[in-house]
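# Architecture and fold: a report
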Amino acid sequence: MARLLIHLLGPFQVLLDGQPVSGFESDKVRALLAYLAVENDQPHRRERLAGLLWPEWAERSARANLRRALVNLRKVSDDYRATPPFLDITPQTIQFNHGADAWVDAVALRDLVGASAPQAGSLVRDESIEPQIIHHWEEAVDLYRGEFLAGFSLRGCADFEGWVLLEQEGLRHSVMDALCRLATWHEGQGRLEQALRYAWRQTELDPWWESGYRQIMRLLAHTGRRAAALDQYKTCRSRLADGLGVEPSVETTRLYQRIRDNELEPPA
């Protein structure tokens, strides 16, 4: 049975039994696959999909375009021979089949974060957090190769572009939250270098993520790299000024002052 892997975090990529899938006739076909694969919790009306991808076309023509795109999508994904098929298709609706042998990285990340939600409000320093939750956070951040559908766009499709932006923001926030929790949890366990690795990645993904700089500053200071910690404040201040036109928060500035004056409390 063919296995379909759909990578949407970072550049769009599809693999069928380990081989790259080619033959997509247009970006509209790729967009159709991405939308169905992510929004897989319900069937989608054909007129809705046609309007999403061909908003400036008359409905009859847009639905004809959708039919052609669907034929191409089924052909390149070998959906006609898949058992069960990747797509559940009726005359009125189309839905990505939950029972098919397919994996979508963005959906997997979302599920991992959702599985850890019951303990998301817990103190991440607390040893009562189950190891499986930590593993979920680690898996989630490892899946994040880049922002959702990086470099992908459809001119003239405002609703689709808006959907992509919402997915990008939601997935990025989930990953940044997981990185923050991992850094804090490892710091609480005394694994300062491991904590620092997760803190660094926050500022790599978002150069204006101020809480990440605070974690880096504190961890560098706790590992004896006071000068480097102070330099991180300068980096934070410069990036915030250049990118957002703002100064660091009072909390960040006070942390800088405590490190500068050798007044930082030792790690718990």
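It should be emphasised that the depicted structure is a prediction, and the values quoted were computed from it without experimental measurement. (Residues numbered from 1 in each chain as written. Predicted model: local features only at pLDDT ≥ 70, side-chain atom pairs only at ≥ 80, totals over all residues. Heavy atoms only, no water.)

Note: α-helices contain 3.6 residues per turn, so residues at a spacing of three or four share the same orientation. Buried residues of helix H10 (residues 250-260): Thr252, Leu255, Tyr256 and Ile259, and no others. Each buried residue of H10 lies within a common arc of 100° when the element is viewed along its axis, so the set occupies one face. Exposed and facing more than 90 degrees away from the buried side of H10 are Val250 and Arg254. With its phi angle positive at about 55°, Asn262 sits one or two positions after the end of H10. (Buried < 20%, exposed > 50% of the residue type's maximum accessible area, 1.4 Å probe, protein only. Helix = DSSP H or I, 4+ residues; strand = E, 2+ residues; numbered from the N terminus. Arc of directions from axis to C-beta.)

Moving on, we come to the sheet that holds strand E1 (residues 4-7). Spatially, four strands are ordered E3-E2-E1-E7 in an open sheet, and the strand pairing comes out mixed. Unpaired on one side and paired on the other, strand E3 (19-20) and strand E7 (102-104) mark the two borders of the sheet. Two elements, E1 and E7, share three bridges in a ladder whose sense is parallel. Paired with Leu4 across the strands is Ala102, a residue of E7. Contacts from helix H4 (residues 105-115) reach E1 and E7 within the one sheet, and its direction differs from that of E7 by about 70°. (Pairing = 2+ DSSP bridges. Contact = heavy atoms within 4.5 Å. Axes fitted to C-alpha atoms, helices over the stretch in contact; angles between N-to-C directions.)

Don't take any of this as a statement about function, it's just geometry.
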